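Survey of secondary and tertiary structure
Residues per chain are reported as follows:
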Amino acid sequence: MLHWKFINLDSTPMLRNGEIGDWIGTFEGHKGAVWSSCLDTNALHVAFASADYSALWDLKSGKIVQTLETKSPVTSAEVSQDGRYITTVDGSTVEFWDANHFGLVKRYNMPYNVESASLEPKHGNKFIAGGEDMWVHVFDFHTGEEVGCNKGHHGLIHC
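Residues numbered from 1 in each chain as written. Predicted model: local features only at pLDDT ≥ 70, side-chain atom pairs only at ≥ 80, totals over all residues. Heavy atoms only, no water.

1. Overview of the overall build of the protein chain
Secondary structure summary: the protein chain contains zero helices and 15 strands in total. For the protein chain, buried positions account for 43% of its 159 residues. Restricting the contact set of the protein chain to residue pairs at least 6 apart, pairs at least 24 apart contribute 29%. Surface accessibility of the protein chain: about 8,400 Å² in total, with carbon and sulfur atoms responsible for 51%. (Helix = DSSP H or I, 4+ residues; strand = E, 2+ residues; numbered from the N terminus. Buried < 20%, exposed > 50% of the residue type's maximum accessible area, 1.4 Å probe, protein only. Contact = heavy atoms within 4.5 Å. Areas by Shrake-Rupley, 256 points an atom, 1.4 Å probe, with all protein chains shown as cover.)

2. Re the packing of aromatic side chains
Per the counting criterion, the structure on display carries six aromatic pairs. Cation over ring: lysine 106 sits above phenylalanine 141, and NZ or CZ is 5.7 Å from the ring centre. (Phe/Tyr/Trp six-rings, centres within 6.5 Å; stacked < 30°, edge-to-face > 60°. Lys NZ or Arg CZ within 6 Å of the ring centre and 35° of its normal.)

3. Some points on the pairing of strand β6 (residues 54–58)
By the criterion of burial, β6 is predominantly enclosed, with four of the five residues buried. Bridge count for strand β5 (residues 45–50) against β6 is four bridges, and the pairing is antiparallel. Within β6, the residue paired with histidine 45 across the bridge is aspartate 58. In sequence, β5 turns back onto β6 through a hairpin of three residues. In terms of strand pairing, β6 meets strand β7 (residues 64–68) through four bridges, oriented antiparallel. Bridging from a neighbouring strand, alanine 55 pairs with threonine 67 of β7. Between β6 and β7, which pair antiparallel and follow one another directly, the connecting turn spans five residues, one of which, glycine 62, has a positive phi of 75 degrees. (Pairing = 2+ DSSP bridges.)

4. Re the sheet that holds strand β11 (residues 104–109)
Taking strand neighbours across the sheet as the criterion, the four strands line up as β8-β9-β10-β11 in an open arrangement whose pairing is antiparallel. Each having just a single partner strand, β8 (76–79) and β11 make up the two edges of the open sheet. Geometrically, the sheet is characterised by an average inter-axis angle of 15 degrees between neighbouring strands, direction not taken into account. Summarising the sheet, β8 and strand β9 (residues 85–90) pair through four bridges and their orientation is antiparallel. For valine 79, the partnering residue across the bridge sits in β9 and is isoleucine 86. (Axes fitted to C-alpha atoms, helices over the stretch in contact; angles between N-to-C directions.)

5. Some thoughts on the sheet that holds β5
Sheets are built from strands that pair by backbone hydrogen bonding, the pairs being arranged parallel or antiparallel. If you trace the four strands from one edge of the open sheet to the other, you get β4-β5-β6-β7, paired in antiparallel fashion. Bordering the open sheet on either side are β4 (34–39) and β7, each of which pairs with just one other strand. For this sheet, the mean inter-axis angle between neighbouring strands, taken without regard to orientation, is 20 degrees.

6. Some thoughts on the pattern of salt bridges
Taken as a whole and assessed by the stated rule, the structure comprises one salt bridge. One salt bridge in this structure joins arginine 107 and glutamate 95, with 2.6 Å as the shortest N-O distance. Separated by 12 residues along the polypeptide, arginine 107 in strand β11 and glutamate 95 in strand β10 (residues 93–98) bring together distant segments of the chain. Arginine 107 sits in the partly exposed class, given a relative accessible area of 36%. (Salt bridge = Lys/Arg side-chain N within 4 Å of Asp/Glu carboxyl O.)

Worth remembering: the numbers are spatial, not functional.
Structure, rendered in C-alpha cells:
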C-alpha cells in the first residue's frame, strides 16, 4: 500500500492512503507549524521538521521515537535512503543524525540561510543544500567543503 504525507501549517500533520486518499492518522504533539516530512524507506517512521522541534515518529503507534535537539526551528528533515541518517536544516545549519541512536554525526554551518538539504543517496559522500541565495550547493559529506554549485534558479531551493 502506498502512503503519502500531508503537512499542515497548523501543527497537525496527517498521513493518508496515497491510492485512495483515506485518512490514516494524525500526529499530534507539535505546537508550531510543520514544514517538512520524510518517510523512511521501510515506511515505519516519519521525520517531521517543525517550528518547535524536529522528531522521528513511529507510524504504527503515532508516538514520538526521538526528538532531535536543534538551535532553532527546523525547516527540513529527511531520512537517508539507506536509513542511516536523518538530515535536518535549521537556519544556516545542516545537521546529520544517526537514525538508529539519534546522536549528532556532523554539523555544518553554511554562509547563508538554508531551506533544505539532502544526502546523496547512492554513496552518501556528498550532500546538497539550497536556500535563500537560490543556488544548489554540493558539499563533501566528510569535510563540509563545497565541491560544486549550480546557479541559475529563480526561487528558493527545496532539495
